[in-house]
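The residues making up each chain are set out below.
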Amino acid sequence: DMLNHNDTLIELSLISNDIQDEGCSYIAKGLNSNVGLTRLWLKANQIGDDGVKHLSEGLKDNRSLQSLDLSSNNIGAKGCEHLANCLKVNQGLLHLYLENNKVDSNGAEYIANALKVNNHLQELQLNRNSVADAGSRMLASALKINKSLIRLQLRDNNVTNTGDEYFANALEVNKTLQELKIYHFGMSVILNKRIDESLERNKKLKEAEFLEALNSSEKTSWNRSRLMFVGQGHAGKTCTIRSLLGKEHNKDWDSTISVEVSECQSDFYKSTWKDSSFENVAAKFAARMILRNNSQPQPSLKLKNKQNKKKIPMVRSTLPKPLEHENHVPGAGRDSLNATLKPRNTTPSTSNVGGTRIKSPKVERYFESNLLLDAQRDSDTIKLSVWDFGGQQVFYAMHHIFMTMSGVYVLVFDMRELSEKLPFTTKDDQAMMFMSFWVRSIKMHAPAAQIIMIGTFLDKIYGREKLLTVESRVKELSKPIASQLVLNTTESLSFFPVDNPTYLGVNQVRKKLEDVVHNDPFTKQQVSIKWIVFLDELMKRVKENAFLYLDQIKKIGDDVGLDNFIEQEQALNLFHERGVLLHFRATAALKNIVIIKPHWLMDALGKVIRDGALHQFDNKDVEKRGLANDIKLLFERGIASRDVLEYVWDSKHMDFFVDFMKRTMLLSDWDFGRERCYLIPSLLNTQFEDRKDGIRFIFDFEQFFPVGVFQRLICLCVAHSVSMNRKEKTGDALKEPELYKNFASIEFEPGFFVHLQEGSQARIEGDGVATHQITAIIEDNKLASKSLAIISAMLRKMNYDAMGAGLKWKTFVEDISTGQFIKYEEAKSRQLAPWCVEGSDINSHKSKNIDLNEFLDSL
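Computed from a predicted model, the values in this text were never measured in an experiment.

Engineer: It is not clear to me how the overall build of the protein should be interpreted in this structure. Could you clarify?
Structural biologist: In terms of regular secondary structure, the protein is built from 29 helices and 30 strands. Buried positions account for 57% of the 859 residues belonging to the protein. Long-range pairs, those at least 24 residues apart, make up 79% of the contacts in the protein with a sequence separation of at least 6. Element-wise, carbon and sulfur atoms account for 48% of the exposed surface of the protein, whose accessible area totals about 36,600 Å².

Okay, structure coming up:
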């Protein structure tokens, strides 16, 4: 019953109990539906042929179990027949241990017939049975056909030199078996040598095939996607991720600062998720390619020298050693006999295969016995880059630059906030406002990506009526993304309710996410192995470097045979989309940097862009360093001193972080009457309640006005003011900007003031009050046209560089004769003063594909 309901248990050991045949019938029922168990140990349990029949029936449709130990039981020929029937259809089992049973030549024949059909089993252990020469003949005949078996153990089976000869002959044909143990006294040295040479040949063939794959231009699916978890702070995003990974719930888990980036892998058929790392990606990719090619009819691979072809260095395997079954005896079997025939070389050696130096046979056996086994085991595994976006509003301004067009978005919300029967108003309902922000942000950045909504705190939603109240509000909110939303058809909802502490509903979400990712065409995108080798080489540098420059990247590509720079850039763009690294392309300066350690950048940004009340610094340490006033200035006015930045950042990389934040419009210089400082507009939190007089123009964002747009506009305006101040060399000639969360008053030139206000300020076109506006107020009519051109250029620059060109707006100007607002296009056709003077045009300044400093100079 436990196996029927539990999908998180991976290994179950019931060694030396008294399960018998009847107990196997219960286990079989669980195996029939279980999708999580990968290893089952049933050694020494008095299991006979009838018990094996039950287990075989349970395993016919099971794709998760990989290792089954039935050693030291009472399994005879009839049991082998049941196992054989199972093996003919089972596609998951990789390791089968039948040591110390009653398997005779008839039982061996059943298994041999199954091996002629089965191309998944990779290890078969039949030590201490009664296979004899007759059974050896059957198994040897199967080896002539089978293409999956890598290890076969037949010690203590009454096999003589006659049986050895069957295997020696079979191995003239078989090209996959790499380990055969048939230890017996009187074994022919000649037969042993033939077998040993054939096994060694097979290893070299695999080595050559592996190198051939690495050096080829073949493509196969990468099986990689990206999950982006978004939502309001404290909604339970991080807890949901932990639940999906089967980790223990922690109610005291700290809220996410900035963005957390992690790697995990999901097995589509087992519905199990686990943490993973970025190791030997190319080697694993090549192994999958080999398995794919071996499953298709292929001409024999010959060992030959490839001339005039750039070779890729052998990828060293760092995978764990093969799983040691407790019946394995180190040094026993045919290998121990070999030790008496020839000296064992313990020093690393190399040999040449296909003109490329490879590692010693010992290391290659390590590679062979793990990499291909793991590739078969993980054939349905999908790697996931998981991005957990911090939910506090202060982070929203920077989130836009990390959102990609592909991948799957997961919007997490607290159902308690939506369960009360209140009218739908984003103004009164903060939770709805945040959800609306994320819905529209995803729509802007990824109009084709699929979206799953998850409602947390299911344990606090009492009754179906409350759940339907949540549904009505979610349904209303999700209208803009109706075509992208993945529905909960099981419960007839637009979202998936879960309770993370008890894992209620989590398995349903996991399976739905797996289904969505598995069927996403981006996941199955065909990728050249050259690209993956390129990525491997980049990732090797993560320990020493957080980022690389483009000239370094180009050299790495050249060294691995990817010497086409355009193709290198295409590969980098793909890696960026999948969340493996960061490569921004908005400007030449950003494009010149490739960040190979994304979380390094996220951590750095989160040290300055943070909620001062929620994510505080160590007050004692701040006081000790004399930075108390600096920290206060940072969180009250958004102004960061260099001392503060040196405190939170590694001084070695401080200039890099400052430059990056400038170019993404998260920070600007602040040269106004004090030591050199920097402005971080997203930290401004005081509201402006007054109003300014003057003529106005309005940018009306009808569809969506993301958090961060106004802050970035302030950033550009202040940067322009600082730039002009430095050009004039007038020191403090320009007045210090007056800044608030929703207002900015900035002097561009002496006497040239621009006042910017966020929010609805005027009626336009008689359509009522717009909900998303930026209003600019100009005191001097003579500067109206110039102001309009500058601010319009800044908005376009921001849209291209930080918003994925997804922002849409209309421009309105005030008709000073009537006080009404009209579209800019109409004003231009009428040459309406003071906005449209001769030669004026709001598109006169270049904004796209231009460096920030060059852009500011052009203004």
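Still more to cover.
Engineer: Hey, could you run me through the packing of aromatic side chains in this one?
Structural biologist: Given two aromatic rings, one states the distance between the centres and the angle between the planes to describe the pair. Evaluation of the coordinates by the stated rule reveals 32 aromatic pairs. Pairing phenylalanine 656 with phenylalanine 657 gives two aromatic rings, centres 5.8 Å apart and planes at 70°, and the pair type is edge-to-face. The two residues phenylalanine 656 and phenylalanine 657 agree in class, both being buried. For the pair phenylalanine 701 and phenylalanine 705, a centre-to-centre distance of 4.9 Å together with 55° between the ring planes defines the contact as tilted. Aromatic rings pair up to connect Trp387, Phe389, Tyr396, Phe402, Phe434, Phe437, Trp438, Phe584, Phe660 and Phe704 into one cluster. Between arginine 226 and the ring centre of tryptophan 387, over which it is positioned, the NZ or CZ distance is 3.9 Å. Just above the ring of phenylalanine 617 sits the side chain of arginine 610; from NZ or CZ to the centre is 4.6 Å.

Engineer: Whenever I open this one, the packing of helix α5 (residues 105–115) against helix α6 (residues 132–143) confuses me. Can you help?
Structural biologist: For any two helices packed against each other, the geometry is given by the interaxial angle and the distance between the axes. Where α5 meets α6, the closest approach of the two axes is 8 Å, and the angle between their N-to-C directions is 0°. Taken as axis vectors, α5 and α6 run roughly parallel relative to one another. In contact with Ser105, Ala108, Glu109, Ile111, Ala112 and Leu115 of α5, α6 contributes Ala134, Gly135, Met138, Leu139 and Ala142. The residue inventory of the contact of α5 with α6, partitioned by class, reads 8 nonpolar, 2 polar and 1 charged.

Engineer: In this structure, what is going on with helix α21 (residues 598–606)? I would like to understand it.
Structural biologist: Of all 9 residues in α21, 7 are buried, a share of seventy percent or more. Along α21, the positions that sit buried rather than exposed are Pro598, Trp600, Leu601, Met602, Ala604, Leu605 and Gly606. Each element contacted by the buried residues of α21 is listed here: β10 (259–267), β14 (381–389), α13 (396–399), β19 (547–549), β20 (593–595) and α25 (654–663).

Engineer: Mind showing me how you'd approach the environment of glutamine 773 here?
Structural biologist: Tracing the backbone shows glutamine 773 in strand β28 (residues 773–778). Judged by relative accessible area, which is 1%, glutamine 773 ranks as buried. Along the sequence, glutamine 773 and glutamate 758 sit 15 residues apart, while their C-alpha atoms lie 6.0 Å from each other.

Engineer: Explain the packing of helix α3 (residues 49–59) against helix α4 (residues 77–87) here, please?
Structural biologist: Two numbers describe how α3 lies on α4: the axes approach to 8 Å, and their chain directions differ by 5°. Judged by the angle between their axes, α3 and α4 are roughly parallel. Together, Asp49, Val52, Lys53, Ser56 and Leu59 of α3 and Lys78, Gly79, His82, Leu83 and Cys86 of α4 make up the contact between the two elements. Residues belonging to the contact of α3 with α4 are distributed by class as follows: 4 nonpolar, 3 polar and 3 charged.

Engineer: Explanation requested: the sheet that holds strand β26 (residues 743–749) in the structure shown.
Structural biologist: Strand pairs in the sheet, formed through backbone hydrogen bonds, run parallel or antiparallel to each other. A sheet is described by the order of its strands in space; here 7 strands give the open sequence β25-β26-β27-β28-β24-β29-β30, paired in antiparallel fashion. What marks the edges here is a single partner per strand, and that holds for β25 (738–739) and β30 (820–823). Across 6 bridges, the pairing between strand β24 (residues 695–700) and β28 is antiparallel. Each residue of the ladder has a partner; that of isoleucine 695, found in β28, is isoleucine 778. Across the sheet, helix α27 (residues 784–802) lies against β24, β26, β27 (752–758), β28 and β29 (810–815), angled at about 20° from β24, the strand it touches most.

Engineer: It is not clear to me how the pairing of strand β16 (residues 450–456) should be interpreted in this structure. Could you clarify?
Structural biologist: The two faces of the sheet receive side chains in turn, since in a regular strand these alternate between them. Burial of β16 is extensive: 6 of the 7 residues sit out of reach of the surface. Note that strand β15 (residues 408–414) and β16 share 7 bridges and pair parallel. Opposite valine 412, over in β16, you have isoleucine 454 as the bridge partner. Each parallel crossover has a hand, and the one from β16 via helix α15 (residues 464–477) to strand β17 (residues 496–497) is right-handed.

Engineer: What exactly am I supposed to notice about the nonpolar core here?
Structural biologist: Generally speaking, a soluble globular protein has its nonpolar side chains buried in company with each other. Within the largest apolar cluster, 135 residues are counted, with the highest numbers of intra-cluster contacts made by Phe402, Met453, Trp649 and Met794. In this structure, phenylalanine 402 is in contact with Arg226, Trp387, Phe389, Leu582, Phe584, Leu601, Met602 and Leu605, ignoring residues within four places of it in sequence. Listed in part, the 54 residues of the second largest apolar core include Leu40, Leu87, Leu126 and Leu171.

Engineer: Quick question: what am I supposed to make of the pattern of salt bridges here?
Structural biologist: In the structure shown here, the tally under the stated rule is 33 salt bridges. In this structure, aspartate 559 and lysine 555 form a salt bridge, with 3.1 Å as the shortest nitrogen-oxygen distance. Of this pair, aspartate 559 and lysine 555 are both found in helix α18 (residues 550–559), 4 residues apart, which corresponds to roughly one turn of the helix. With a relative accessible area of 43%, aspartate 559 lands in the partly exposed category. Between lysine 797 and aspartate 801 there is a salt bridge, with the nearest N and O atoms lying 2.8 Å from each other. Taken together, the residues lysine 797 and aspartate 801, both in helix α27 and 4 residues apart, mark about one turn of the helix.

Engineer: Help me understand α5 in this model?
Structural biologist: What sets the pattern is the α-helix's 3.6 residues per turn: residues three or four places apart point alike. Gly107, Ala108, Ile111, Ala112, Ala114 and Leu115 are the residues of α5 that are buried. The buried residues of α5 occupy an angular sector of 160° when projected down its axis, which confines them to one face. Those residues of α5 that are buried are in contact with α4, β5 (123–125) and α6. Among the residues of α5, the N-terminal cap falls to aspartate 104, whose side-chain oxygen and the backbone nitrogen of asparagine 106 are separated by 3.1 Å.

Engineer: I tried to follow the side chain of arginine 578 on my own but got confused; where do I start?
Structural biologist: Within the secondary structure, arginine 578 is located in the loop between α19 (565–577) and α20 (588–591). In this structure the side chain of arginine 578 is engaged in a polar contact, spanning 2.9 Å, whose partner is the side chain of glutamine 525. Once residues lying within four places of it in the same chain are set aside, the contact partners of arginine 578 are Trp222, Arg224, Ser225, Arg226, Ser385, Ser406, Phe522 and Gln525.

Engineer: Can you help me understand the sheet that holds strand β9 (residues 224–230) in this one?
Structural biologist: Spatial ordering of the open sheet is given by β11-β10-β14-β9-β15-β16-β17, a layout of 7 strands whose pairing is mixed. In the strand order of this sheet, the two ends are held by β11 (272–275) and β17, each with one partner.

Engineer: Can you walk me through the side chain of histidine 82 in this structure?
Structural biologist: Structurally, the position occupied by histidine 82 is in helix α4. Residue classification places histidine 82 among the buried residues on the basis of a relative accessible area of 14%.

Engineer: Looking at this structure, how should I read the pairing of β27?
Structural biologist: Counting buried positions along β27 gives 5 out of 7 residues, so the element sits mostly inside the fold. Both β26 and β27 contribute to a ladder of 6 bridges, which runs antiparallel. By the bridge assignment for β27, phenylalanine 743 is matched with glutamine 757. Adjacent in sequence and paired antiparallel, β26 and β27 are bridged by 2 residues, among which glycine 751 carries a positive phi angle near 85°. In this structure, β27 lies alongside β28, joined through 5 bridges in antiparallel fashion. Residue pairing in the sheet places leucine 756 in a bridge with alanine 776 of β28.

Engineer: I keep staring at the confidence of the model for the protein and nothing clicks. Help me out?
Structural biologist: The predicted structure's coordinates, where accompanied by low pLDDT, should not be read in detail. For the protein, the mean per-residue pLDDT works out to 83, and 85% of the residues sit at or above 70. Here helix α11 (residues 334–341) is the element of the protein with the lowest mean pLDDT, 30, and α5 is the one with the highest, 97. Low pLDDT (under 50) marks residues 424–428, which in the prediction has 5 contacts with non-local residues, meaning those over four places away or in another chain. The low-confidence segment residues 766–770, where pLDDT is below 50, has 8 contacts with residues more than four positions distant or belonging to other chains.

Engineer: Would you take a moment to explain unusual backbone geometry for this structure?
Structural biologist: Trans is the common state for peptide bonds, and a negative phi is the common state for residues other than glycine. For the peptide bond that leads from alanine 833 to proline 834, omega is 5°, which places it in the cis range. Of note, proline 834 is situated in the loop between α28 (824–829) and α29 (852–858). One non-glycine residue, serine 72, lies in the positive phi region at around 55°. Following the sequence through the fold, serine 72 ends up in the loop between β3 (67–69) and α4. Unlike most non-glycine residues, asparagine 100 shows phi in positive territory, near 60°.

Criteria and thresholds
Numbers given to residues run from 1 along each chain, matching the order in which its sequence is written. Confidence filtering applies because this is a predicted model: local features only for residues at pLDDT of at least 70, side-chain atom pairs given and counted only at 80 or more, and all residues used for totals across whole chains, interfaces and linings. In computing side-chain values, all of the structure's heavy atoms are included and hydrogens and water are not. Only DSSP runs of H or I with at least four residues qualify as helices, and only runs of E with at least two residues qualify as strands; both kinds are numbered from the N terminus onward. For the exposure calls, accessible area comes from a 1.4 Å probe over protein chains only, and a residue counts as buried if that area is under 20% of its type's maximum, exposed if over 50%, partly exposed in between. We call two residues contacting when some pair of their heavy atoms lies within 4.5 Å. Residue exposure ignores everything except the shown protein chains as possible cover, and the areas themselves are Shrake-Rupley values with a 1.4 Å probe. Side-chain rings of Phe, Tyr and Trp, where Trp is taken by its six-membered ring, are said to pair if the distance between their centres is within 6.5 Å; with planes under 30 degrees apart they count as stacked, over 60 as edge-to-face, and otherwise as tilted. Here, over-ring charges are defined by two tests on the NZ atom of lysine or the CZ atom of arginine: distance to the ring centre within 6 Å, and angle to the ring normal within 35 degrees. Lines are fitted to the C-alpha atoms to define the axes, a helix being fitted only along its stretch in contact, and any angle between axes, read from their N-to-C directions, falls within 0 to 180 degrees. What sets the label is the angle itself: under 35 degrees gives roughly parallel, over 145 gives roughly antiparallel, 65 to 115 gives roughly perpendicular, and the rest give oblique. Residues are grouped as follows: Ala, Val, Leu, Ile, Met, Phe, Trp, Tyr, Cys and Pro are nonpolar; Asp, Glu, Lys and Arg are charged; all remaining types, including Gly, are polar. For two strands to be treated as a pair, DSSP must find no fewer than two bridges joining them. Seen with its strands pointing away from the viewer, a crossover is right-handed when the path leading from the first strand over the helix to the second is clockwise. Each nonpolar core is a collection of buried residues, namely Ala, Val, Leu, Ile, Met, Phe, Trp, Tyr and Cys, held together in the definition by side-chain atoms within 4.5 Å. For this document, the term salt bridge refers to a Lys or Arg side-chain nitrogen within 4 Å of an Asp or Glu carboxyl oxygen. The directions from the helix axis to the C-beta atoms are what the arc is built from. Whenever two N or O atoms come within 3.5 Å, that pair is a polar contact, provided that in protein one can donate a hydrogen and the other can accept it, and provided that, for residues adjacent in sequence, both atoms are side-chain atoms. As a per-residue quantity, pLDDT reports the predictor's confidence and falls between 0 and 100.

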